[in-house]
Amino acid sequence: MAIIECVNIGKIFQRNQALNNFSAFIEENKITGLIGRNGAGKTTLLKIIAGYLKPTSGEVKVFGHNPFNNLQVSANLIFIDEHMTFPESWHLEEIFDSIGLFYPNWNKELALRLLAYFSISPKQTHNSLSKGMRSTFHAIIGLAARSPLTIFDEPTTGMDAAVRKDFYRALLKDYVEHPRTILLSSHLLNEIENILEDILLIKNGTKCLHLPVTELKNYALGLRGKADALNQFLNGKEEFYRENFAPEQSFVVVKNDFSEAELRELKKAGISTAAVPTEDVCVYLTAQSKGGISDVFNRD
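Report follows, based on the coordinates. Because the structure is predicted, anything quoted here is derived from the model rather than measured.

Once that is clear, we can look at the packing of aromatic side chains. A complete count under the given rule lists 11 aromatic pairs for this structure. Taken together, a centroid distance of 5.9 Å and an interplanar angle of 10 degrees make the contact between tyrosine 219 and phenylalanine 240 stacked. In this pair, tyrosine 219 is assigned in the loop between α8 (213-216) and β10 (220-226) and phenylalanine 240 in strand β11 (residues 239-245), connecting sequence segments 21 residues apart. The same class applies to tyrosine 219 and to phenylalanine 240, which are both buried. With a centroid separation of 6.3 Å and an interplanar angle of 65 degrees, the aromatic rings of tyrosine 241 and phenylalanine 251 are classed as edge-to-face. Of this pair, tyrosine 241 sits in strand β11 while phenylalanine 251 sits in strand β12 (residues 249-255), and the two are 10 residues apart along the sequence. Of the two residues, tyrosine 241 and phenylalanine 251, neither departs from the other in class, the shared state being buried. Here a set of aromatic residues connected by ring pairs shows up, and it is made of Phe86, Phe96, Trp106 and Phe137.

Right under this line is the structure:
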């Protein structure tokens, strides 16, 4: 069952096309990673799903309803980002109490235990927290709310590596015990891929790909060998990245749709093959050129 339905979504800010004909369907009770470069449209998409923004064109439905200014959708959704604001004079525990009035699945006991684990006093005020502690506090709210749709927009900004790891562990543990639909945007795919089920990759406001993490791990293949030999095998293959190095040597990343017979022929031709890390696949797919930064220097 699709909890989120985006059909041909477009969003324009003045002259900037943040989203362009974007379509995707997010299934119930899955952790989906929203991956993309800065300016790709991730936050805009999440805010449209959360009902904070109206799309310029297209249609979005959350729980079968238009989410914009929809109280029914809001009651079943929580949006966590670094810009959350609360009354300056309130202690963190008071903020917890106010959240419990709106979210029926709110677990204050869990929230306080997580605060204690991360060495944050419930008597502190929100504006007294450091950037990393504030991100941790926001993440705790997202976990303890146990909302049917939980959206984390770059939730680990400012956290150190140890805190990020603990947050991911807590997220996965609580998700297993209390399944819900979770959207998690991040630049750190290598840190979160083990907790994700699906990856939604966005480039220049459009969907680049949307598939299970297990499929992404086998989506591309890296080939290394003599350029002439590689070119003979790459005719008609979808090429994502190419880097030339040493005399007549190349490294090429292509879509992994080779047959067993083709792989044997590659080996005979002296071409080595290797799996491509998922983070590198996403980098290559969202790059503006197939040679990346090397293209800048190879023009001299």
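This paragraph deals with the side chain of threonine 32. Within the secondary structure layout, threonine 32 lies in strand β3 (residues 31-35). Look past the residues within four positions of threonine 32 in its chain and what remains in contact with it is Ile26, Ile182, Leu183, Leu184, Leu196, Asp198, Leu200 and His210.

One finds Trp106, Phe137, Ile141 and Leu196 to be the most contacted residues of the largest nonpolar core, which totals 56 residues. Top element by residues in this core is helix α5 (residues 131-145). It accounts for seven residues. With residues up to four places along the chain from it excluded, the contact list for isoleucine 141 reads Ile78, Ile80, Met84, Phe86, Phe96, Ile99 and Trp106. Counting residues in hydrophobic clusters, the runner-up holds 25 residues, among them Ala24, Ala50, Leu149 and Ile151.

Here we take up the sheet that holds strand β1 (residues 2-13). Strand order across the open sheet formed by three strands is β2-β1-β4, with antiparallel pairing between neighbours. Of all the strands in the sheet, just β2 (16-27) and β4 (57-62) have a single pairing partner and so form its edges. Between one strand and the next, the sheet's axes are offset by a mean angle of 15 degrees, whatever the strand orientation. With five bridges joining them, β1 and β4 adopt antiparallel strand pairing. From the neighbouring strand, cysteine 6 faces β4, where its bridge partner is valine 60.

Note on strand geometry: in a regular strand, side chains alternate between the two faces of the sheet. Among the five residues of β3, five are classified as buried, and the element is accordingly described as predominantly covered. On β3, burial covers both faces: Ile31, Gly33 and Ile35 on one face and Thr32 and Leu34 on the other are all buried. For β3 and strand β7 (residues 181-185), the ladder comprises four bridges, and the chain directions are parallel. Bridge pairing in β7 links glycine 33 to leucine 184. Here β3 runs beside strand β8 (residues 198-203); their pairing, made up of four bridges, is parallel. In the strand pairing of β8, threonine 32 is matched with aspartate 198.

Here we come to helix α6 (residues 161-177). Along its 17 residues, α6 runs 25 Å from first to last C-alpha, staying within 8% of the 24 Å computed at 1.5 Å per residue. The set of residues buried in α6 consists of Val163, Arg164, Asp166, Phe167, Tyr168, Leu171, Asp174 and Tyr175. For α6, the secondary structure elements touched by its buried residues are β3, α4 (108-117), α5, β6 (149-153), β7 and α7 (189-192). Its side-chain oxygen at 3.3 Å from the backbone nitrogen of alanine 162, aspartate 160 defines the N-terminal cap of α6.

Further remarks concern the state of the cysteines. This model, assessed by the stated rule, comprises zero disulfides. No disulfide involves cysteine 6; its sulfur sits 16 Å from the nearest other cysteine sulfur, which is in cysteine 208. Taking relative accessible area as the criterion, cysteine 6 reaches 2% and is therefore assigned buried. The thiol of cysteine 282 is not disulfide-bonded; the next cysteine sulfur, from cysteine 208, is found 8.1 Å away. Classification of cysteine 282 as buried rests on a relative accessible area of 5%.

Calculation criteria
- Residues numbered from 1 in each chain as written.
- Predicted model: local features only at pLDDT ≥ 70, side-chain atom pairs only at ≥ 80, totals over all residues.
- Heavy atoms only, no water.
- Phe/Tyr/Trp six-rings, centres within 6.5 Å; stacked < 30°, edge-to-face > 60°.
- Helix = DSSP H or I, 4+ residues; strand = E, 2+ residues; numbered from the N terminus.
- Buried < 20%, exposed > 50% of the residue type's maximum accessible area, 1.4 Å probe, protein only.
- Contact = heavy atoms within 4.5 Å.
- Core = buried A, V, L, I, M, F, W, Y, C linked by side-chain atoms within 4.5 Å.
- Pairing = 2+ DSSP bridges.
- Axes fitted to C-alpha atoms, helices over the stretch in contact; angles between N-to-C directions.
- Expected span 1.5 Å × (residues − 1).
- Polar contact = N/O pair within 3.5 Å; in protein donor to acceptor, adjacent residues only side chain to side chain.
- Disulfide = S-S within 2.5 Å.

None of this, on its own, says anything about what the molecule does.
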